[in-house]
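# Structural description and commentary
Here are the chains, one letter per residue:
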Amino acid sequence: HPQNHNCNLTHFMIRSIPETNGSASPIRVGVVGLGRSGWNIHGKTLGGMQDLYRVAAVADPEAERRDEAQRGHGCRAHASFESLVQDDELDLIVIASPNHLHTEHAIASMAAGKHVVCEKPFALSVEDADRAIAAADEYGRVLSPFQHRRYEAHFQKVCSLIDEGVLGEVVNIRMTWHQFTRRWDWQTLVRYGGGLLNNNGSHLLDHALQMWPADVEPEVFADLRQVLTLGDTEDHVKIVLKAEGCPTLDVELTNACAFTQDRWLVMGSRGGLRGTEDRLEWCVTDWANQPARQLETEAVTERQYAKDDVTWTRYEWTPPADQEHAYVRYYQDLYETIRHDKPLVIEPRSVRRLIRTLERCYEQCAAMATT
């Protein structure tokens, strides 16, 4: 299961979907939005889990996409969300519509008696996040933010090494998501809630915040810039989060980096870690095996810097070849929540701090722009 690091996994009051003939029947799903995420992530993942889920309906304004879904899933097709949400033969709705519609679509779905998977960003403001969470409690529905990257093997490995103290006291965690490219789609427009921070930043910042206790609120520094995008949102993001007693979190996402760097760089008192999604390496030292030292104020022998010749023990890691994809693991756990009343693993309150941090980044940059 994903690392939750003291997150409050509130057990929702859930009205479980009834079982058929003594065994659970597949959960009937409606997918809102058949773009990259709705089609390539949710549609294809659920289509490969037909013992647990069945894509029963879709909604998209593009007729060609609706036709493709009908051919691929044998499902009903709606031209609008408003039509799909009234479909009484759905148990779960996946919200993969543009970002600015997530909150209203999620609330309307729960009001109509459906459970909800909400794509990132879970909301565009803390106010919207709180409204959605309140609706989930009011209607007794499951509201599951799609922060599926908490299931990624490299993230869980880094978390376990930090939690176990392998690297000693961790003082800085640097996370990067680098590429060099232009974008010109709807996700580059403010009016749709786009921007690199809301899009990929929702994943990277969520990973970063899991490194802290759930009740810690960060001090935020943010630098958001528009460099190459053809839209009006940021495509270069630099964020530093600080809190007393916690490692500094250094998060960098950019579409303007020609020399990409590793996803991870972790610094600790016993060693450090670097690596990517596909390979991690770390080195540690045992200070007990190093020469004893004491502070000296006399002249240094031969005018050399006083420093250790450190002996390292090195390790490498690659993800298990047989591990299920993060998408699949997310939906396996969600099935257990909906069908068997298991606690929701990635629940909305654990994502609320992320939404507040995103909001504070935008607020800080807006304030700087007006001074």
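Attention here is on the structure that accompanies the text. A quick note: this is a predicted structure, and the numbers were derived from the prediction, not measured.

As paired elements, strand β8 (residues 219–225) and strand β9 (residues 236–242) share 7 bridges and run antiparallel to each other. Bridge assignment links Asp-223 to a residue of β9, and that residue is Lys-238. Summarising the sheet, β9 and strand β10 (residues 248–254) pair through 6 bridges and their orientation is antiparallel. Note that in β10 the partner of His-236 across the bridge is Thr-254.

Okay, the sheet that holds β9 next. The mixed open sheet is built from 8 strands, whose spatial order is β8-β9-β10-β7-β11-β12-β13-β14. Both outer strands of the open sheet, β8 and β14 (313–317), are each paired with one neighbouring strand and no more. On average, each strand axis in the sheet is inclined to that of its neighbour by 10°, with strand direction left out of account. Pairing between strand β12 (residues 271–275) and strand β13 (residues 280–284): 5 bridges, direction antiparallel. Residue Leu-273 lies in a different strand from β13, and its bridge partner there is Trp-282. Here helix α9 (residues 349–369) sits on the sheet and contacts β8 and β9; the angle it forms with β8, its principal contact strand, is near 65°.

We now examine helix α1 (residues 36–47). All buried positions along α1 are accounted for by Ser-37, Gly-38, Trp-39, Ile-41, His-42, Gly-43, Thr-45 and Leu-46. Buried residues along α1 sit in contact with β1 (27–32), β2 (53–59), α2 (63–73), β4 (92–95), β5 (115–118) and α8 (326–340).

It is worth spelling out the sheet that holds β1 at this point. Taken together, the 6 strands give an open sheet; going across it, the order is β3-β2-β1-β4-β5-β6, and neighbouring strands pair in parallel fashion. Of all the strands in the sheet, the pair left with one neighbour each is β3 (76–78) and β6 (143–145). Along the sheet, successive strands turn relative to each other by an average axial angle of 25°, direction set aside. Pairing geometry for β2 and β3, over 3 bridges, is parallel. Across the sheet, residue Ala-57 finds its bridge partner in β3, namely Arg-76.

Within the element layout of this structure, His-105 appears in helix α4 (residues 102–111). Residues within four places of His-105 in sequence aside, it is in contact with Val-32, Phe-81, Ile-95 and Ser-97.

The next point concerns the pattern of salt bridges. Counting across every chain of the model gives 26 salt bridges. Of the charged contacts in the structure, one is a salt bridge between Asp-91 and Arg-28, with a shortest N-O distance of 2.8 Å. Residue Asp-91 is located in the loop between α3 (81–84) and β4, and its partner Arg-28 is located in strand β1; the two are separated by 63 residues in the primary sequence. The shortest N-O distance in the salt bridge between Glu-281 and Arg-279 comes to 3.4 Å. A residue is classified by how much of its surface remains accessible, and Arg-279, at 35% relative accessible area, is partly exposed. Here the salt bridges do not stand alone but share partners, grouping Arg-149, Glu-152, Arg-263 and Glu-277 into one network.

Contact geometry of α1 with α8 gives a least axis separation of 10 Å together with a crossing angle of 65°. Overall, the two elements α1 and α8 adopt an arrangement that is roughly perpendicular. α8 is crossed by α1, and the crossing has right-handed handedness. Across the interface between the two elements, Ile-41, His-42, Thr-45 and Leu-46 of α1 pack against Tyr-327, Val-328 and Tyr-331 of α8. Across the contact of α1 with α8, the residue classes tally to 5 nonpolar, 2 polar and no charged.

Turning our attention to the packing of helix α7 (residues 201–209) against α9. With their axes 10 Å apart at the nearest point, α7 and α9 run at an angle of 120° to one another. Between α7 and α9, the interaxial angle falls into the category oblique. Both α7 and α9 take part in a crossing whose hand is right-handed. In this structure, α7 contributes Ser-202, Leu-205, Asp-206 and Leu-209 to the contact, and α9 contributes Arg-353, Leu-354, Thr-357 and Leu-358. For the contact of α7 with α9, the residue count by class is 4 nonpolar, 2 polar and 2 charged.

What counts as what
Residues numbered from 1 in each chain as written. Predicted model: local features only at pLDDT ≥ 70, side-chain atom pairs only at ≥ 80, totals over all residues. Heavy atoms only, no water. Pairing = 2+ DSSP bridges. Helix = DSSP H or I, 4+ residues; strand = E, 2+ residues; numbered from the N terminus. Axes fitted to C-alpha atoms, helices over the stretch in contact; angles between N-to-C directions. Contact = heavy atoms within 4.5 Å. Buried < 20%, exposed > 50% of the residue type's maximum accessible area, 1.4 Å probe, protein only. Salt bridge = Lys/Arg side-chain N within 4 Å of Asp/Glu carboxyl O. Parallel < 35°, antiparallel > 145°, perpendicular 65-115°, else oblique. Left-handed = near helix turned anticlockwise from the far one by under 90°. Nonpolar A, V, L, I, M, F, W, Y, C, P; charged D, E, K, R; others polar.

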